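Residues per chain, in single letters:
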Amino acid sequence: MQFPIIGSSVLYLESCDSTNTELARISGNPDTMNGSVVLAFEQTAGKGQRGNIWKNEPHKDLTFSFLINKPDIRSEFVFYPLAATALGVYHFLSKRLPHKKVEIKWPNDVLVNGNKICGMLLENTFSGNQISKMIIGIGLNVNGKNYPDTRFPATSLVLEGEPETPPEDILLQLIPHLNAAFDKLRENPGFLLNAYNQVLFGKHHDVSIQEQDSITRARIERVDSKGILHLINQDGKKIEAGMGEIKFLPD
Ligand code: BTN
């Protein structure tokens, strides 16, 4: 695995449709370096997971994407960079909010005391069985106070008692944590996966999950190197869920 230094170049945009889309557009330009970041103070068509819209008030929250070209990872291990990104955000937030419970909700949401503060969207390009390009977008709630009602209610740094901070300052504080997590992934992927599992929301607890039309209670066991979530239902039956195959329901 090989990764660039994230954030050695940062492009600040007043507004764009989506930082993921903008970065994809410029990723082929010779002056777009591997590891480049695009931050937008406003997104007019922010994208969430599963085709959802990601919306926030302009200038309040942090919305940015970074580029990883040719990471030398086989497509089946696409979960590793996702786990590294989630852990980087986790470490930043744990340091910033030392008295709060920060967890990663599989596969890539970050929760503070059970409320969602950060979401991520990976868009990958493959060449044969290799990942050729990854665009990793992060939406981190910083100064917002009003969010739409969602299954896991949203929170922000300000709602958690932090002072108002410009989103671009939060980016500069977050980048070293992302680079540290990617360094760890390069050195020891098993260690990184273990660290991810240690802070996994609901680990060894029963949670309600929705699989297509059926709702089940099951205990979360672990996430494996392919990003598969392993659970055990109340009859002792093992369940393996790929990314996007199940949804968690709040208790
Ligand atoms: C989710 O649904 O939880 C993922 C949200 C990802 C949002 C970020 S904001 C920056 C980047 N640009 C986008 O259009 N989406 C991601």
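So, here's what we can say about the structure. For clarity, every value in this text was computed on a predicted model and none was experimentally measured.

**Topic: the overall build of the protein**
Each helix and strand in the protein was counted, giving 4 helices and 12 strands. For 251 residues, the compact-globule formula gives about 18 Å, and the C-alpha radius of gyration of the protein, at 18 Å, lands near that figure. Reported as C-alpha extents along the three principal axes, the dimensions of the protein are approximately 55 × 45 × 35 Å. By residue count, 51% of the 251 residues in the protein fall in the buried class. The contacts of the protein with a sequence gap of at least 6 include a subset with a gap of at least 24, amounting to 66%. Working note: accessible area of the protein is about 11,800 Å², and carbon and sulfur atoms make up 49% of it. Each charge class in the protein can be summarised by its mean position, and for the 26 positive and 29 negative side chains these summaries are 4 Å apart.

**Brief notes about the nonpolar core**
Core analysis: the largest hydrophobic core is formed by 66 residues, its most contacted members being Phe 64, Phe 66, Leu 93, Leu 140 and Tyr 196. Here the element with the most residues in this core is helix 2 (residues 79-96); it accounts for 11 residues. Not counting residues up to four positions away in its chain, the partners in contact with Tyr 196 are Phe 79, Ala 83, Ala 86, Leu 87, Ile 104, Trp 106, Pro 107 and Val 223. Counting residues in hydrophobic clusters, the runner-up holds 8 residues, among them Leu 13, Ala 40, Leu 67 and Ile 135.

**Things to note about helix 1 (residues 19-26)**
Along helix 1, the residues classified as buried are Thr 19, Asn 20, Glu 22, Leu 23 and Ile 26. Down the axis of helix 1, the smallest arc covering the buried residues is 165°, so these residues share one side. Residues of helix 1 that are buried in the fold lie against strand 1 (10-13), strand 2 (37-40), strand 3 (62-69), strand 6 (115-127) and strand 7 (130-140).

Criteria and thresholds
Residues numbered from 1 in each chain as written. Predicted model: local features only at pLDDT ≥ 70, side-chain atom pairs only at ≥ 80, totals over all residues. Heavy atoms only, no water. Helix = DSSP H or I, 4+ residues; strand = E, 2+ residues; numbered from the N terminus. Rg over C-alpha atoms; globule rule 2.2 N^0.38 Å. Buried < 20%, exposed > 50% of the residue type's maximum accessible area, 1.4 Å probe, protein only. Contact = heavy atoms within 4.5 Å. Areas by Shrake-Rupley, 256 points an atom, 1.4 Å probe, with all protein chains shown as cover. Lys, Arg positive; Asp, Glu negative; His and termini not counted. Charge placed at Lys NZ, Arg CZ, Asp CG, Glu CD. Core = buried A, V, L, I, M, F, W, Y, C linked by side-chain atoms within 4.5 Å. Arc of directions from axis to C-beta.

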